[in-house]
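Results of the structural survey
Read off the chains here:
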Amino acid sequence: AQSVAQPEDQVNVAEGNPLTVKCTYSVSGNPYLFWYVQYPNRGLQFLLKYITGDNLVKGSYGFEAEFNKSQTSFHLKKPSALVSDSALYFCAVRNDMRFGAGTRLTVKP
Amino acid sequence: DAGVTQSPTHLIKTRGQQVTLRCSPKSGHDTVSWYQQALGQGPQFIFQYYEEEERQRGNFPDRFSGHQFPNYSSELNVNALLLGDSALYLCASRDGDWGGRDEQFFGPGTRLTVL
């Protein structure tokens with residue numbers, strides 16, 4: 001069975017500081033992994049994905065994610081957080097897009 | 001390109017009623033998936049349609065059914081509504097990729113409230 005877990009319900013960071021939103025996965029076969037963001041009263045927006053190749057994936061809005069096979073993790077990162085990054089972030093896996101429970105990121109000025 | 005559109009935006013029903021939600025995929029996309037997102041939770045996969053057939057299904061009862069039309073638009077039907085069916089229902093589309101490598105494009109959702 002394919003699944004992802006987001007161990008943190010909430011992440012708080014100050015504007016300008018680096019941010020990390022954690023995701024671990026459990027999959028058989030190729031671990032196609034995705035990050036999506038959801039703003040209030042909106043659908044999900046694609047940020048980035050890992051399919052194969054370089055373990056560091058760059059995506060939209062300055063976000064990147066690091067695939068770590070030994071730790072079965074796919075953490076989302078950004079070097080310098082913005083207040084506008086405050087939203088719900090979801091990690092997802094493979095074709096039927098099994099989503100994690102989500103992490104609420106709050107960036108304070 | 002209007003992206004993925006869903007209708008209606010909001011809907012209020014009472015227990016036992018039936019509801020139909022509609023989705024138009026992004027231009028060029030032929031695969032449509034439906035998700036249920038309860039408050040404070042991640043989206044839960046309901047089912048996926050391709051070439052007018054249900055191709056994959058999540059862990060949802062038969063009260064949840066769907067349809068895909070020749071123009072790739074789709075409907076989600078829920079019968080015998082329960083209070084627990086209250087949620088945001090999301091539609092997502094992509095260009096039929098069975099390898100699971102392509103991202104999906106999501107609509108804004110339909111907020112269903114069951115009283």
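Quantities reported herein were computed from a predicted structural model and do not represent experimental measurements. (Residues numbered from 1 in each chain as written. Chains lettered and ligands numbered in written order. Predicted model: local features only at pLDDT ≥ 70, side-chain atom pairs only at ≥ 80, totals over all residues. Heavy atoms only, no water.)

Notes on the interface of chain B and chain A
Listed by partner, the interface residues are 23 residues for chain B and 18 residues for chain A. Among the residues of chain B in contact with chain A, Arg 101, Glu 103 and Phe 106 of chain B are the three that bury the most area, contributing 30% of the side total. Linking chain B with chain A are three residue pairs in polar contact (both at pLDDT 80 or more), by the criterion used here. Those elements that place two or more of their residues in the side of chain B that touches chain A are β4 (31-37), β5 (44-50) and β9 (87-94) of chain B. (Contact = heavy atoms within 4.5 Å. Buried area = accessible area lost by both parts, 1.4 Å probe. Polar contact = N/O pair within 3.5 Å; in protein donor to acceptor, adjacent residues only side chain to side chain. Helix = DSSP H or I, 4+ residues; strand = E, 2+ residues; numbered from the N terminus.)

As for the sheet that holds strand β1 (residues 5-7) of chain B
Residues and elements named next belong to chain B. An order of β1-β3-β8-β7 is seen for the four strands of this open sheet, with the pairing classed as antiparallel. The sheet is open, and its two borders are formed by β1 and β7 (64-68), each paired with just one other strand. Here the average twist between neighbouring strands, direction ignored, is 20 degrees. Pairing of strand β3 (residues 19-24) with strand β8 (residues 74-78), which is carried by five bridges, proceeds in the antiparallel orientation. Looking at the pairing, Leu 21 lines up with Leu 76 of β8. (Pairing = 2+ DSSP bridges. Axes fitted to C-alpha atoms, helices over the stretch in contact; angles between N-to-C directions.)

Some words on the state of the cysteines
All names here are of chain A. Applying the stated criterion across every chain, the model contains two disulfides over all chains. Here Cys 23 is linked by a disulfide to Cys 91, with a sulfur-sulfur distance of 2.0 Å. The chirality of the disulfide connecting Cys 23 with Cys 91 is left-handed, given an S-S dihedral of about -60 degrees. Remark: Cys 91 occurs in strand β10 (residues 87-93) and Cys 23 occurs in the loop between β3 (19-21) and β4 (24-26); sequence separation between them is 68 residues. (Disulfide = S-S within 2.5 Å.)

Topic: the nonpolar core
Within the largest apolar cluster, 27 residues are counted, with the highest numbers of intra-cluster contacts made by Trp 35, Leu 47, Leu 48, Phe 74, Leu 76 and Tyr 89 of chain A. Contributing elements (two or more residues each) for this core: β2 (10-14), β3, β5 (33-38), β6 (44-50), β8 (64-68), β9 (73-78), β10 and β12 (103-108) of chain A. Here this core takes four residues from β10 of chain A, the largest share from any one element. Filtering out sequence-adjacent residues up to four positions away, Phe 74 of chain A remains in contact with Cys 23, Leu 33, Phe 34, Trp 35, Leu 48, Lys 49, Tyr 50, Ala 65, Glu 66 and Phe 67 of chain A. Core analysis: the next-biggest nonpolar cluster, separate from the first, contains 20 residues, Trp 34, Phe 47, Tyr 49 and Val 114 of chain B among them. (Core = buried A, V, L, I, M, F, W, Y, C linked by side-chain atoms within 4.5 Å. Buried < 20%, exposed > 50% of the residue type's maximum accessible area, 1.4 Å probe, protein only.)

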